[in-house]
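Listed below, chain by chain, are the residues.
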Amino acid sequence: MRNIITIAALVLALGLIGYLYQQLSATENALRLSEKRFADCEKVSFQLQNQLATLQKREADASAR
């Protein structure tokens, strides 16, 4: 009886380890994807800031004339 309980505990522990590993892998993939999206957003924001600065400069030059 004691051996059955020990084996059941080991099987349960292995199942839990497998589940947690799967969850960790899914979380790491989600983190990689969100980091990529964040980097893409930073690039777009930088490009938009440059465009806005160029437009503001043109407006300032046009109003100065």
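For the structure given in this document, a descriptive report is provided here. (Residues numbered from 1 in each chain as written. Predicted model: local features only at pLDDT ≥ 70, side-chain atom pairs only at ≥ 80, totals over all residues. Heavy atoms only, no water.)

1. Side note on a nonpolar patch on the surface
We count it as follows: Residues enter patches when they are more than 30% accessible in relative terms and free of salt bridges; like-charged ones are connected within 9 Å and nonpolar ones (Val, Leu, Ile, Met, Phe, Trp, Tyr) within 5 Å. To be clear on the numbers: accessible area is Shrake-Rupley with a 1.4 Å probe, and residue cover counts the displayed protein chains and nothing else. Salt bridges are defined by distance alone: a side-chain nitrogen of Lys or Arg within 4 Å of a carboxyl oxygen of Asp or Glu. Runs of E in the DSSP output that reach at least two residues are strands. Runs of H or I that reach at least four are helices, and both are numbered from the N terminus.
Taken together, the side chains of L16, Y19 and L20 define a hydrophobic patch exposed on the protein surface, amounting to about 310 Å² of accessible area. The topology assignment puts L20 in helix α1 (residues 2–64).

2. Considerations on the environment of L20
This is how the line gets drawn: Think of it in three bands: with a 1.4 Å probe and only protein chains considered, a residue is buried below 20% of the maximum accessible area for its type, exposed above 50%, and partly exposed in between.
According to the relative accessible area criterion, L20 is partly exposed, its value standing at 49%. Taking the C-alpha atoms as reference points, L20 and L48, 28 residues apart in sequence, are found 41 Å from one another.

3. Comments concerning the pattern of salt bridges
Enumeration according to the criterion identifies 1 salt bridge in this entry. Residue K36 pairs with D40 through a salt bridge whose shortest N-O separation is 3.3 Å. Remark: D40 and K36 occur in helix α1; sequence separation between them is 4 residues, near one turn of the helix. With a relative accessible area of 31%, D40 lands in the partly exposed category.

As far as function goes, none of this settles anything; it's purely spatial.
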